[in-house]
Amino acid sequence: MTDSHQDSGSSHTSSTNHPASQNPKPHGELSRDLSLFHLTMMGLGMMIGAGVFIGMGYSIGKVGPGGLVLTFTMNGLLALFTAFSFAELSSAIPQAGGAYNYARIGFGKPASFIAGWMEWFASSVAGAMYAIVFSIYTVDFCDTCSWLDWLPVETDTAVKILAVTTAILFIYINFRGASETGKIGAIITMGQTLFVLTIGVFGIIAISKDPSRLHNFQPFMPEGWGKLLMTMGVVYVAFEGYEVIAQAGDEAIEPRKNLPKAMLFSVLIVTVIYFFVSVATVVSVKAGSGFLEGMEPYKWIGLDEEKGFRKAIPHILPYGHFILTLAVIFSSTSALNATIFSATRASYALGRDKMLPPIFARIHSVKKTPFMALIATAILILTIIISLDAIKVATCASLMFLFLFFLVNLSAIKIRRNMADELTYGFLMPLFPLFPILAIICQFFLAFGLFTHVEKEALIITPLWIFIGLLFYIFYSKSHAITTEDEILILEETEYDREAENKYPVMVAVANPANAQSLLNGTYRLCGAKDARIELIHMIEVPDQISLHDAELYTQPGKETLIDAMNHLQKDFPIATTLRYCRNHARGIVSALRQKKTKMLVMGWHGQHNKGLFNIGSTIDPIIEQSPCCIVILKDCTSDKIFKNVLVPVAGGPNSDFAVEVAAMLNKLEQDKDTSITLLNIDTGSAKHKFETQKFLEKQLKQLDINPDRINTKTIKSKNPVNAILTESLKYDLIVMGTTNKPMIAQYAKQSIPEQVAIQCTKPIAIVKSGKGVRVKIKRWI
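One numbering rule holds for all chains: residues counted from 1, following each sequence as written. It should be noted that, the model being predicted, local features are given only for residues of pLDDT at least 70 and side-chain atom pairs only at 80 or more, the latter also being counted only at that level, while totals for whole chains, interfaces and linings use all residues. As a rule here, side-chain values come from all non-hydrogen atoms in the structure, and water together with hydrogens is ignored.

1. Things to note about the overall build of the protein
Okay, step 1: Secondary structure elements are taken from DSSP: a helix is a run of H or I of four residues or more, a strand is a run of E of two residues or more, and numbering for both begins at the N terminus. Helices and strands together make up the secondary structure of the protein, namely 25 helices and 11 strands.
Okay, step 2: Note on areas: Shrake-Rupley, 1.4 Å probe, and residue coverage restricted to the protein chains presented here. Put simply, the protein shows about 31700 Å² of open surface, and 60% of that area lies on carbon and sulfur atoms.

Listed below in structure tokens is the structure:
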């Protein structure tokens, strides 16, 4: 056997779900000082940044007054869709790392590393941009007041010096600790929110004094709807920021409750503020004013694009230039504070899992902050400020954030489907998976709008940074990254001979030697009928309190089980084996099915699970729900059983079709003329569920190679299908039934008919599920 290791997603929440975490933080713990208020202010601080001030003038010039309001309102709705995904995932995985953590669980190490690598850089670029914006507005204001006449340097140089000084100041504030960062950030954010909200309030006051200003909304969409997508893509940066809250999982008070609340609160508050500010922008200039020179107000504001907002607002706001300057100063510094925090935690998370060198995970003994990750982030931010045009490079941050949001929405769907029973959620989004699907579709189109305004510098730097990250992952992270609690490890594996590649792929889940023989009899019959190649899989049992690094010590019983199964089957079929570890066996088996592109899974069932959510068993139920292929679950099908007469209860649908096919396969090797398959329909008297058995039989005879003389039908009238099937089953050697199509969670309150029959039936029984249908095709990908 050859040794290999592979992950298929991991979780950093297992320390909360298992008695002992095997990945303790070796460099100390982060302090928990951030309340719901601090977290909400952190999200607001990063969202209400330069994007809103630049985006107002730009959008009104491109799509008109109505388009401006729609741009910000619809972006707020889109941000809320993705915020639902972040909120759900952060409540289940409340740790520093954000998108990196979610991607690692959903898509494994490579995708998660690139997500964390991009988030680190995108947040750093955004931080550099906010430092520059603060510096530009401050220097410009001071220059207007003639306060800088004594400086012996050029304005551009003064801007760079002030930006560097400001960045260093907030880097030091972040070093002082989460409490210090949260308190100062909250004060600044309250100031910026007050100033921006003041603009919206004065807009409403202007309308109340002069309702004719509402005529500025005509024409509502002068350029049509075509350009709205473009402005939404460009302005979406104004809604980036709530994701920084996910980075505070290690430092938040009651994170499972407060992280999702803070995200949703911040998005809703910002959307309302932006709505009022966009209305204020539209009505800021009264139509017919002399300085318009006959132009419509929206055209005059949009004439200067990004600077249009700055020249329009003073017409409704006393001391408008001064207040707007203060608003920008407060907004940019608050956003700078939040981006430094976010970038530092992103790199810290990579260091914690040894995707980056472990030095990134060092926690200061006194301040309880990840000071080495902060130093690395500081170097990156200062380098961007000094060496690059941060404003032009900022569009690459928007591209990266859009990609991260896309990945997080995908992860939310995949994690809920594959790991819902393993995680402790503090928040579950409503109408799942509607919101992440809508967000993915919208973000795909927004990317096109954004690409039309990407600067040349960003088109060079973005792929270059990703390329450097890929090289770093290949040559360092791939071999150094630690194994986390919920990863899937391939401990030993053998492959097929090349000539077996075209045979029908069947996987057999072998649990233990005592039950293996009863499973292999049915497997032999099924694989013989399909001309199959067989992959034997055994999931290693490792106690929760044992380190993952010691998993290989528990492989010997599994090896013996696989060897026994191989000896039984290898004379007639090509055999491969895989020995794997996963805390959750169902997820480990489903991952193997996807990886190996298996078409049929055969497994045994040896009794009902007596607790929890699951009806048939804690391993089998999730596999039935998530499997991307056909499933055959065998109960009491021992090698000495002869299946001459087979009963197949049918009710239509792909599972009934597959049940007939399996019955034919299990019955095929019996050469006796007395062999038969009986299709049983239970007529409950409901006109709504009338089933035409004869038509179903004709369909099966066309699809399957079955002798018509061996198959017959029977209908029994009964109000109790379970009792009717159990009574009839006493006359047969084997029962084959299709599973229900209802999702597992929908069956929590009541067991389905196949489950009740399987539990009570005293005869050998096979429960099957078809691999056809749209849902199964989706599961092969998600």
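2. Considerations on unusual backbone geometry
Negative phi is the rule for most residues except glycine; trans is the rule for most peptide bonds.
Okay, step 1: Residue Pro219 is reached from Gln218 by a cis peptide bond, and omega for that bond is -5 degrees.
Okay, step 2: Checked against the element boundaries, Pro219 lands in the loop between helix H7 (178-209) and helix H8 (228-235).
Okay, step 3: At the junction of Phe432 and Pro433, the peptide bond is cis and its omega measures out at 0 degrees in the coordinates.
Okay, step 4: When you line up the elements, Pro433 lands in the loop between helix H14 (390-419) and helix H15 (434-451).
Okay, step 5: Phi is positive for Leu431, which is not a glycine, with a value near 55 degrees.
Okay, step 6: Residue placement: Leu431 occurs in the loop between H14 and H15.
Okay, step 7: The backbone phi angle of Asp531 is positive, close to 50 degrees, even though this residue is not glycine.
Okay, step 8: Tracing the chain through its elements places Asp531 in the loop between helix H17 (513-530) and strand E3 (532-540).
Okay, step 9: Judged by its relative accessible area of 47%, Asp531 is partly exposed. Categorising residues by exposure relies on relative accessible area from a 1.4 Å probe, with only protein chains included: less than 20% of the type maximum marks a residue as buried, more than 50% marks it as exposed, and the intermediate range marks it as partly exposed.

3. Quick word on a nonpolar patch on the surface
Okay, step 1: On the surface, a nonpolar cluster with roughly 560 Å² of combined accessible area is contributed by Leu229, Ile437, Ile441, Phe444, Phe445 and Phe448.
Okay, step 2: Considering every element that reaches the nonpolar patch, the biggest residue donor is H15, with five residues.
Okay, step 3: Its place among the elements puts Ile441 in helix H15. Patch members must show over 30% relative accessible area and no salt bridge, and they are joined within 9 Å when carrying like charges or within 5 Å when they are nonpolar side chains of Val, Leu, Ile, Met, Phe, Trp or Tyr. Salt bridges are defined as contacts in which a side-chain nitrogen from Lys or Arg sits within 4 Å of a carboxyl oxygen from Asp or Glu.

4. Observations regarding the packing of helix H4 (residues 99-107) against H14
Okay, step 1: With their axes 8 Å apart at the nearest point, H4 and H14 run at an angle of 50 degrees to one another. One element, H4, and the other, H14, form an angle in the oblique class. Pair H4 / H14 crosses with left-handed handedness. Contact residues: Ala99, Tyr102, Ala103, Ile105, Gly106 and Phe107 in H4; Leu404, Leu407, Val408, Leu410, Ser411, Lys414, Ile415 and Met419 in H14. Helix axes are fitted only over the stretch in contact, all axes being lines through C-alpha atoms; the angle between N-to-C directions runs from 0 to 180 degrees. By the definition adopted for this analysis, an angle is roughly parallel if under 35 degrees, roughly antiparallel if over 145, roughly perpendicular if from 65 to 115, and oblique otherwise. In a left-handed crossing the near helix is turned counterclockwise from the far helix by less than a right angle, and in a right-handed crossing that turn is clockwise. In this analysis, two residues are considered to be in contact whenever any of their non-hydrogen atoms come within 4.5 Å of each other.

5. Some details on the sheet that holds strand E2 (residues 504-509)
Okay, step 1: If DSSP finds at least two bridges between two strands, the strands pair. Strand order in the open sheet made by the 11 strands is E1-E4-E3-E2-E5-E6-E11-E10-E7-E8-E9, with mixed pairing throughout. A strand with exactly one partner marks an edge of an open sheet, and here the two such strands are strand E1 (489-493) and strand E9 (711-717). Each strand of the sheet is rotated relative to its neighbour by a mean of 25 degrees, with strand direction disregarded.
Okay, step 2: Across seven bridges, the pairing between strand E8 (residues 676-683) and E9 is parallel. The residue of E9 that forms the bridge with Leu679 is Thr713.
Okay, step 3: Sheet strands touched by helix H19 (residues 585-596): E1, E2, E3, strand E4 (575-581) and strand E5 (600-604). Its angle to E3, the strand with the most contacts, is close to 150 degrees.

6. Re the pairing of E4
Okay, step 1: In terms of burial, E4 is a largely internal element, seven of the seven residues being buried.
Okay, step 2: Burial along E4 is two-sided: Ile575, Thr577, Leu579 and Tyr581 and Ala576, Thr578 and Arg580, pointing in opposite directions, are all buried.
Okay, step 3: Pairing of E1 with E4, which is carried by four bridges, proceeds in the antiparallel orientation. When the sheet's bridge partners are listed, Leu489 is paired in E4 with Tyr581.
Okay, step 4: Pairing of E3 with E4, which is carried by seven bridges, proceeds in the parallel orientation.

7. Focus: the state of the cysteines
Okay, step 1: The disulfide criterion used throughout: a pair of cysteine sulfur atoms within 2.5 Å. On inspection of all chains with the given rule, the structure shows zero disulfides.
Okay, step 2: Its sulfur unpaired, Cys630 is 6.5 Å from the next cysteine sulfur, which belongs to Cys629.
Okay, step 3: Residue classification places Cys630 among the buried residues on the basis of a relative accessible area of 12%.

8. Brief notes about the packing of aromatic side chains
Okay, step 1: Pairing of aromatic rings covers Phe, Tyr and Trp, the last counted by its six-membered ring, and requires centre-to-centre distances within 6.5 Å; plane angles under 30 degrees mean stacked, over 60 mean edge-to-face, and any other angle means tilted. The tally for this structure, following the rule as stated, stands at 28 aromatic pairs.
Okay, step 2: Seen in terms of ring centroids, Phe113 and Tyr473 are 5.6 Å apart; in terms of plane orientation they differ by 40 degrees. Their pairing is tilted. One end of the pair, Phe113, is in helix H5 (residues 109-144); the other, Tyr473, is in helix H16 (residues 456-480), with 360 residues separating them in the sequence. Side by side, Phe113 and Tyr473 carry an identical accessibility label, which is buried.
Okay, step 3: A network of ring pairs unites the aromatic residues Phe113, Trp117, Trp120, Phe121, Phe360, Trp465, Phe472, Tyr473 and Tyr476 as a single cluster.
Okay, step 4: The rule for a charge over a ring is simple: NZ of Lys or CZ of Arg within 6 Å of the ring centre, and within 35 degrees of the ring normal. Looking at Lys311, its charged tip hangs above the ring of Trp300, at a distance of 4.1 Å from the centre.

9. Section: the pattern of salt bridges
Okay, step 1: On inspection of all chains with the given rule, the structure shows 18 salt bridges.
Okay, step 2: A salt bridge links Lys699 to Asp657, with the shortest nitrogen-to-oxygen separation between them at 3.0 Å. Residue Lys699 is located in helix H22 (residues 693-703), and its partner Asp657 is located in helix H21 (residues 654-667); the two are separated by 42 residues in the primary sequence.
Okay, step 3: Classification of Lys699 by relative accessible area gives partly exposed; the value is 35%.
Okay, step 4: Here the salt bridges share partners, and the residues they tie into one network are Glu493, Glu535, Arg580 and Lys596.

10. Describing helix H23 (residues 721-729)
Okay, step 1: For H23, a buried count of seven out of nine residues is recorded, marking the element as mostly surrounded by other parts of the structure.
Okay, step 2: Among the residues of H23, Pro721, Val722, Ala724, Ile725, Leu726, Glu728 and Ser729 are the ones counted as buried.
Okay, step 3: Looking at the buried residues of H23, the elements they touch are strand E7 (645-649), E8, E9, strand E10 (734-738) and helix H24 (753-760).

11. Quick word on the environment of Lys717
Okay, step 1: Relative to the helices and strands, Lys717 resides in strand E9.
Okay, step 2: Put simply, Lys717 and Gly685 are 32 residues apart on the chain and 7.2 Å apart in space, counted from C-alpha to C-alpha.

12. With respect to the side chain of Asn681
Okay, step 1: Structurally, Asn681 is set in strand E8.
Okay, step 2: Once residues within four sequence positions are removed from consideration, Asn681 is found in contact with Val650, Phe691, Thr693, Lys714, Thr715 and Ile716.

13. Structural notes on the confidence of the model for the protein
Okay, step 1: Note: pLDDT gives the predictor's confidence per residue, expressed from 0 to 100. Per-residue pLDDT for the protein has a mean of 83; in total, 86% of the residues score no lower than 70.
Okay, step 2: Every residue in residues 609-617 scores below 50 in pLDDT, and together they form 28 contacts with partners more than four places removed in sequence or on other chains.

14. Some remarks on the packing of H5 against H14
Describing two packed helices takes the angle between their axes plus the distance from one axis to the other.
Okay, step 1: Where H5 meets H14, the axes come as close as 8 Å, and the angle between the chain directions of the two elements is 145 degrees. H5 and H14 meet at a crossing whose hand is left-handed. Touching Ala111, Ala115, Met118, Glu119, Phe121, Ala122, Ser123, Val125, Ala128, Met129, Ile132 and Val133 of H5 are Ala390, Ile391, Val393, Ala394, Cys396, Ala397, Met400, Phe401, Phe403, Leu404 and Leu407, all from H14.
Okay, step 2: Residues are grouped as follows: nonpolar covers Ala, Val, Leu, Ile, Met, Phe, Trp, Tyr, Cys and Pro; charged covers Asp, Glu, Lys and Arg; every other residue, Gly included, is treated as polar. A breakdown of the residues in the contact of H5 with H14 according to their chemical character gives 21 nonpolar, one polar and one charged.

15. Some points on the environment of Met232
Okay, step 1: By secondary structure assignment, the location of Met232 is in helix H8.
Okay, step 2: Taking C-alpha positions, Met232 is 9.9 Å from Leu78, a pair spaced 154 residues apart along the chain.

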